[in-house]
Amino acid sequence: MTVTALLVSHDGARWLPAVLSGLRDQQQPAARVVAVDTGSADASTEMLVEALGLDQVRQHRGSFPSAVAHVLPEIDTEWVWLLHDDVSPAPGALAELLRVAEERGADVVGPKIREWPSLRRLLEVGVTVSATAHRETGLERGEYDQGQHDSVREVLAVNTAGMLVRRTVLETLGLDEEFPVIGTDLDFGWRAARAGLRTVVAPDAVVFHAEAARSGQRDLGARPHRVEREAQMLVVLANSTGWRARWRWLRLLIGGLLRALGLLLARDPRAAADEIAALGAVHGRPGRLRRARARRRDLGPTPDGLLAPWWLPARHGLDFVSDVVSAALTQRRETVDRRRPTPGPDAADEDLDDDSGLLVRLVTSPWALGTALLLVVFWWGARDAIGPVAGGALAQAPDGVGRWWQLLGEGWHQLGQGTDAPAPAYLLPLAVLGTVLFGSATAAVSALMLLAVPLAGWGAWRFARHLATAFQGGLSARWPAAWAALTYASLPLLSGAWGQGRFGVVVSTALLPWLATSALGLLSPSGDRRWRAGWRSGVILALVTAFTPGAWLVAVLIVGTALLGVALVARRSLATPSVWGPLVAVVGVPPVLLLPGALGMLRHDLGGLLLDAGLRMPAPDGVDMLVGRFPGPAAPAWLGVLLLVAAVLALVPQRSRVAVTACWLLAAVNGGFALLVSRIRIELPSGEVGAGLSFSVLMVQAALVTSVLLALLTLTREPAARTREPAARTREPAVLVGAAAGLAAAVVPVVGLVWWLGADDLLDDPTPSLVPAYMAQAATEDPARGVLVVRGAHDTGLQWVVRRGDGPRLGEAEILSLTAPDAELTADVRALFTAPTPELLDTLPQHGIEHVVLPAPADPEVVAGLDAISGLTRASTSDRETPAWRLPSDAPRDAVSGDGPALLPWLIGLQVVALLVVLVLCGPTRRETR
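All of these numbers come straight from a predicted model, not from anything done at the bench. (Residues numbered from 1 in each chain as written. Predicted model: local features only at pLDDT ≥ 70, side-chain atom pairs only at ≥ 80, totals over all residues. Heavy atoms only, no water.)

1. Section: the pattern of salt bridges
Okay, so step 1: Applying the stated criterion across every chain yields a total of 37 salt bridges.
Okay, so step 2: Close ionic contact of Glu171 with Arg167 constitutes a salt bridge, the shortest N to O distance being 2.9 Å. With Glu171 and Arg167 both in helix α5 (residues 167–173) and four residues apart, the pair spans about one turn of that helix.
Okay, so step 3: Glu171 sits in the partly exposed class, given a relative accessible area of 42%.
Okay, so step 4: The partner of Glu812 in a salt bridge is Arg403, and the shortest N-O contact between them spans 3.1 Å. Linking Glu812 in helix α31 (residues 812–817) with Arg403 in helix α14 (residues 401–409), this pair joins segments that are 409 residues apart in sequence.
Okay, so step 5: Judged by its relative accessible area of 22%, Arg403 is partly exposed.
Okay, so step 6: What emerges from the salt-bridge pattern is a single network uniting Asp176, Asp187, Arg191, Arg295 and Arg296. (Salt bridge = Lys/Arg side-chain N within 4 Å of Asp/Glu carboxyl O. Helix = DSSP H or I, 4+ residues; strand = E, 2+ residues; numbered from the N terminus. Buried < 20%, exposed > 50% of the residue type's maximum accessible area, 1.4 Å probe, protein only.)

Printed below as a string of structure tokens:
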């Protein structure tokens, strides 16, 4: 059995000495060694000539297949041993390949391939391909060679790096130049199998492969991942036959798009671009695919058992999910272990065996039991929020989330006289939540009120633990962190926001500590982490802004102050985009993610940026701002005074004084902002209203809680940390002051929770409907059958509003507040009560009005005036104290129809794209590894 070793080289000078040495050391050397250089720019050609002689070296500019085809006519031996310039064969490789070829009667034989330079890791022992066009080796990543794959067996293909092939087979089939480097082996092996030839792997024949092409060490003219995906897709589609070809074409197209989306979400945009480019190169060039299939038309079917099983991609997916979960749990455990200090007297609850079950941990941990008890107590006290809930600022939820999606997607709303005002931004997260909860809007509102307080406590706990780490707090820091979490979570309860239905404040309270924790990443020394923190903080700020629009203005003020401080202290750092860019991203993301509503506000009234979500409620004054109360049912003011006193005492400990002062500055900035905004009267189209101050109230209270937390963390840090300080400092009165502050602060959540359990609220007192039930139902089914509701007296004046249902549902009140009264309808209503005419009764239905209602107590003089109008008929009602009249003619169907902004669909599309892009930027950076 004679053999010619055919070595193809291209800029392989770094590997050629070892390759040539391996050829010389073969136990059964090749009869002839021929080398082809494909246009190297390094010293490869000189090295080959020096080792083999000038007559054995050829020059041919082209791909690997064309280089083999160029030299093949010169070879007259029975076998050809193909070698790359980055492959070093073991001494017994060729002898073992020949032995297996003779014993098995094979036409193609491949070696076991190990990684070079590690020499022990397995790369391939034969290869195949899956229906999703992925190269399958049957090996685990990084698997070491321990003889576990040392059985000779038939395979679909073997790598051309070390492939032993009969010369006649190589002449007949050839290497397809559609695959210049990557994919050549899979295509050749598949065509050989379809031609009835046999390919086996000889594991005792070992070669070491540097994989220069796949690792990016060799220039392929494109990224290796893109070239590999294109080659593998083309291999699968070119060699598939019958219905399998059509099915795989569709599967690869859809799967490739989904894979690209997944890579984007994993924050690997370059790999996603490679996937799309590979799809375009294969699916976008049908002529290329037809020609490739035509060249293989005379080949037979693929033998059974050589392709990867159909279920293998699904198993890989499950393995990937399992690996991600395992890695996350491992990282979490390692993080906890790193943060866990040396056990001390407070660590009795940490002595559990690491192998004990989760249930045992929960049952035996006082922290878990205490948390569970508090949750039970809260949910028992919040039982009014289970099911339909409305009252105060919280309007009744619609019958389903479809109404919210409709308000978000339509440009013209059939509310009142009809309007193109933008829908409030909070409807989008509410609609998503309701859709997850099986389309129930009631369940979404109920879940919001029941979960916001626990979520606020959890977020405050995480934020407190981050501060504890920064202030060298250990296990003893758990108690200050627990106090901070409990106190902060009780803020919406004590302030009255929860009981008054101020759901915007409730949600913002839940999100604010998560925003603060994310914003801590802006202080990271890593530019990449700062950018990710900026994008993540921007997304959370967008959610907060959706429920409390004033939050964005406060954030702009804080970011502007921070940038000004950086410019004054370290102006040179502003030349680095990763310093100022993340801060700009924080305040730049919300307007983009809230694009339709943001532009709608510009078109209608910018004053909407200062309004709170929900129905209008009284705004807090200066005293309420300090003690954290909203006008209405709220905790006693002295609880807020206690927290204020504790925050003042927190200024005494010297070590935390700078950080506590920063918290006070934050509270002062928000207090000043609120004082300024409280002077503003917003002239909305529907009338004058006061600005909403809810987020500023929340920020002031959060700053006070954080200041007390910082002081407590300083005074309860580990004894070892205190002993490093001078003795005089450890005896300073700060400890006594801190104890007094802690005692005053501890009263707040305990007494406040007891008060809340017995306090009244407005959630079971929804605003009564002004419209009889049958009229409301008719107006809901057909918006053109509206009801003109008139209140007031003849002497003091009348106010009117058009209802197209039983009242504004959640999300509709904000739209109506941005809608100016119809001047023509106003004139017609004035004429109805001053100088009614028969023509007027025909004009009012043109505005989509069918009934006129005077809610009780109605002015007898006004009632008598309407009764005297000829053609206006009294309508029957179950409530005799609510007089109603029906107009003589029916309203046309298109009475309240209109056209919305033409750009709205484009804005929604941009909003979706922006959301996807920002979510990708929020993810961890994926780095390529070799």
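Next, the rest of the story.
2. Quick notes on the pairing of strand β15 (residues 786–793)
Okay, so step 1: Here β15 pairs with strand β17 (residues 849–853) via four bridges, running parallel. Looking at the pairing, Leu788 lines up with Val852 of β17.
Okay, so step 2: In terms of strand pairing, β15 meets strand β16 (residues 797–803) through seven bridges, oriented antiparallel. Its bridge partner being in β16, Ala793 is matched across the sheet by Gly797.
Okay, so step 3: What sits between β15 and β16 in their antiparallel hairpin is a turn of three residues. (Pairing = 2+ DSSP bridges.)

3. Observations regarding the packing of helix α16 (residues 441–470) against helix α26 (residues 694–715)
Helix packing geometry: the angle between the two helix axes and the distance between the axes.
Okay, so step 1: Where α16 contacts α26, the axes come no closer than 10 Å and their chain directions differ by 40°. When the axes of α16 and α26 are compared, the pair comes out oblique. Of the two elements, α16 crosses α26, and the hand of that crossing is right-handed. Counting all contacts with α16, which are made through Phe463, Ala464, Leu467 and Ala468, the residues of α26 involved are Thr706, Leu709, Leu710 and Leu713.
Okay, so step 2: Here the contact of α16 with α26 is composed, by residue class, of seven nonpolar, one polar and no charged. (Axes fitted to C-alpha atoms, helices over the stretch in contact; angles between N-to-C directions. Parallel < 35°, antiparallel > 145°, perpendicular 65-115°, else oblique. Left-handed = near helix turned anticlockwise from the far one by under 90°. Contact = heavy atoms within 4.5 Å. Nonpolar A, V, L, I, M, F, W, Y, C, P; charged D, E, K, R; others polar.)

4. Remarks on the side chain of Glu275
Okay, so step 1: Inspection of the secondary structure assignment puts Glu275 in helix α9 (residues 269–283).
Okay, so step 2: Setting aside anything within four residues of it in sequence, one finds Glu275 in contact with His225, Arg229, Met233, Gly256, Arg259 and Ala260.

5. Remarks on the environment of Val747
Okay, so step 1: For Val747, the position within the fold is in helix α29 (residues 734–758).
Okay, so step 2: Between the C-alpha atom of Val747 and that of Leu642, which follows or precedes it by 105 residues, the distance is 8.0 Å.

6. Side note on unusual backbone geometry
Apart from glycine, the bulk of residues carry a negative phi angle, and the bulk of peptide bonds sit in the trans form.
Okay, so step 1: For Ala133, which is not a glycine, the phi torsion comes out positive at approximately 65°.
Okay, so step 2: Of note, Glu211 is a non-glycine position whose phi angle comes to about 50°, a positive value.

7. Some points on helix α4 (residues 93–104)
Okay, so step 1: Taking 1.5 Å of rise per residue, twelve residues should cover 16 Å, and α4 covers 17 Å from first to last C-alpha, within 8% of that figure.
Okay, so step 2: For α4, every residue scored as buried is listed here: Ala93, Leu94, Glu96, Leu97, Leu98, Val100 and Ala101.
Okay, so step 3: Check the buried side of α4 and you find it contacts β1 (3–9), β4 (79–84), β5 (87–89), β6 (108–115), β11 (164–166) and β12 (199–209).
Okay, so step 4: Of the residues one or two after α4, Gly105 is the one with positive phi, at around 60°. (Expected span 1.5 Å × (residues − 1).)

8. Points about the sheet that holds β15
Okay, so step 1: The mixed open sheet is built from five strands, whose spatial order is β16-β15-β17-β19-β18. Looking at which strands have only one partner, the edges of the open sheet turn out to be β16 and β18 (873–874).
Okay, so step 2: On top of the sheet, helix α32 (residues 823–834) reaches β15, β16 and β17; it is set at about 125° to β16, its chief contact.
Okay, so step 3: The sheet strands contacting helix α34 (residues 860–867) are β15, β16, β17, β18 and β19 (884–886), and the helix crosses β19 at an angle near 20°.

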